[in-house]
Amino acid sequence: MCGIVGVMSQTAVNQLIYDALLLLQHRGQDAAGIVTMQDNKYFMHKSRGMVRDVFRTRNMRALGGNMGLGQVRYPTAGSAYSEEEAQPFYVNAPYGIVLVHNGNLTNAVSLKQELFDIDRRHLNTESDTEVLINILAHELEGVARDMQLTPELVFKAVRGVHKRIKGSYAVVALIAGHGLLAFRDPYGIRPLVYGVAHTPDLPQGQDVMVASESVALDGSGFKVVRDVAPGEALFIDLKGRVHTQQCAERTVLNPCIFEFVYLARPDSVIDGVSVYQARVNMGQTLAQRVISMMPPSDIDVVIPIPESSRPSAMQLAVELGRPYREGFVKNRYVGRTFIMPGQGMRKKSVRQKLNAITSEFKGRNVLLVDDSIVRGTTSKEIVQMAREAGARKVFMASAAPPVRFPNVYGIDMPTREELIAHNRTVEEIRAFIGADALIYQDVEAMKRVVGQLNPKIEGFEASCFDGHYITGDVSADDFAAMAAQRKAQGDEEDGPGRGRLTLPNAQGSQEGA
């Protein structure tokens, strides 16, 4: 999961991209980067850290130009500790291309070999984004030999990219001297939206922004036009004209349901679905599960675990007819534990991140509501905090179903061993986290109540819940190899939780995992 943005404007874009990245900071806190173009020359600055820490005044002044890209990084392929793997990536031929990417390529290993053996391209990192930019460069070089690069030729190159790469990807790239390119994988797994803005004193054209979430456009003064469709490519030329074309042979809209559970901001709209409303709907169906397991009168108060669970918790409280209270105060200056490197750091961070309000717990039976339970260590700490604050009984409800399977499409939950729900019953999970009762969301109910918000959504990428990998190229053998690879990297980088999420054998197998 990363946050990406690209802008074509009539004025300087450095501040615009910086502000958009701040609005997308929740999507990645490991590294940040911005590249701009002026007079066909790229200016880039990227480093590990939060946006506010990576960019100083001197860095911003050096980023001149009226078009550019930005990314906040949460690594799922490559090394979390390598500054070289911060995005954007650059290749000098053909034309000069810079690129940012959100997602994860499932066939990156075999593509690396192809690039070396067939395309004669050298790769210098373990990042799948470097693979992607070199594939795009090779396809552009192939379609535009001795010809002027046109939008039609760019789209032809993107068609070639779609045929070669597998997995999840939302991409924004700049092609020096030509324009800005954006495209999305044929399943629409990772989000991508575009919008326009008109500058009153420059009426001759329009500014265009492409970003991971609509909140980046809203907060930057852009009007959302629509989501980029699965398999579609947009090309914005140097005059700000938007060219679009479907570039994949077969497409289906199957967005990642974890975007609605946890990843995206609640004020975003993704593929026509309000993230906030999706979470409210999840709270409604979760309430039905709670009622089926215990009388609401056993619950004195409903308390969310900040922050993604709040809409679900509020609706659940309404459905149960029980009071809703804020029982935890969050320190906003500590990173989200789910995307922090290393299990030890995650565990240590919980108590730095949350503090209990004793008066809301003392002598009460409390129902804690979280958006999801992934590794279980955070939930265990929070249940213990509630008991220490004086709770008589602590019940836990998850607005998402049990996370039982690895995710290979860009979320940091890649191996079964790290998932508390893998090969464990709900009762075993309850005992591990120390709760008096544990209630999970139903998988099909979750899909139904989110999907009903946009009938055009044909299904969801929900592999971490249902074990179905929609791209059809992931096998059980891949997970065994990936787990071993991840363990080796975890030992090297002081614990599991980050590293090279690559599938060594993913080359078209239809075997389910």
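Structural data are supplied above this passage.
Below is a short write-up of the structure.

Rules used in this analysis
- Residues numbered from 1 in each chain as written.
- Predicted model: local features only at pLDDT ≥ 70, side-chain atom pairs only at ≥ 80, totals over all residues.
- Heavy atoms only, no water.
- Helix = DSSP H or I, 4+ residues; strand = E, 2+ residues; numbered from the N terminus.
- Buried < 20%, exposed > 50% of the residue type's maximum accessible area, 1.4 Å probe, protein only.
- Areas by Shrake-Rupley, 256 points an atom, 1.4 Å probe, with all protein chains shown as cover.
- Salt bridge = Lys/Arg side-chain N within 4 Å of Asp/Glu carboxyl O.
- Pairing = 2+ DSSP bridges.
- Axes fitted to C-alpha atoms, helices over the stretch in contact; angles between N-to-C directions.

Attention shifts here to the overall build of the chain. Scanning the chain for helices and strands turns up 17 helices and 21 strands. Split into buried and exposed, the 513 residues of the chain put 63% on the buried side. Accessible surface, the chain: about 19200 Å² in total, of which carbon and sulfur atoms supply 48%.

Inspection of every chain in the model, using the stated rule, returns 26 salt bridges. Aspartate 300 serves as the salt-bridge partner of arginine 392, at 3.3 Å between the closest nitrogen and oxygen. Taken together, the residues arginine 392 in the loop between helix 13 (377–388) and strand 20 (393–398) and aspartate 300 in the loop between helix 9 (275–293) and strand 16 (301–304) connect sequence positions 92 residues apart. A residue is classified by how much of its surface remains accessible, and aspartate 300, at 26% relative accessible area, is partly exposed. Across the salt bridge formed by aspartate 436 and arginine 387, the nearest N and O atoms sit 2.9 Å from each other. Within this pair, whereas aspartate 436 is found in the loop between helix 14 (426–433) and strand 21 (437–440), its partner arginine 387 is found in helix 13, the two being separated by 49 residues in sequence. Relative accessible area serves as the criterion here: at 36%, aspartate 436 is assigned to the partly exposed category. Owing to a relative accessible area of 29%, arginine 387 belongs among the partly exposed residues under this scheme. One network of salt bridges, with partners in common, ties together Arg27, Arg190, Glu213 and Glu259.

Spatial ordering of the open sheet is given by 3-2-4-1-10-9-11, a layout of seven strands whose pairing is antiparallel. The open sheet has two free edges, formed respectively by strand 3 (41–48) and strand 11 (223–227), since each of these has just one partner strand. Taking each pair of neighbouring strands and ignoring which way they run, the sheet shows an average axis angle of 15°. Two elements, strand 2 (residues 31–38) and strand 4 (residues 67–73), share seven bridges in a ladder whose sense is antiparallel. Opposite valine 35, over in strand 4, you have leucine 69 as the bridge partner.

That's the geometry; what it means functionally is another story.
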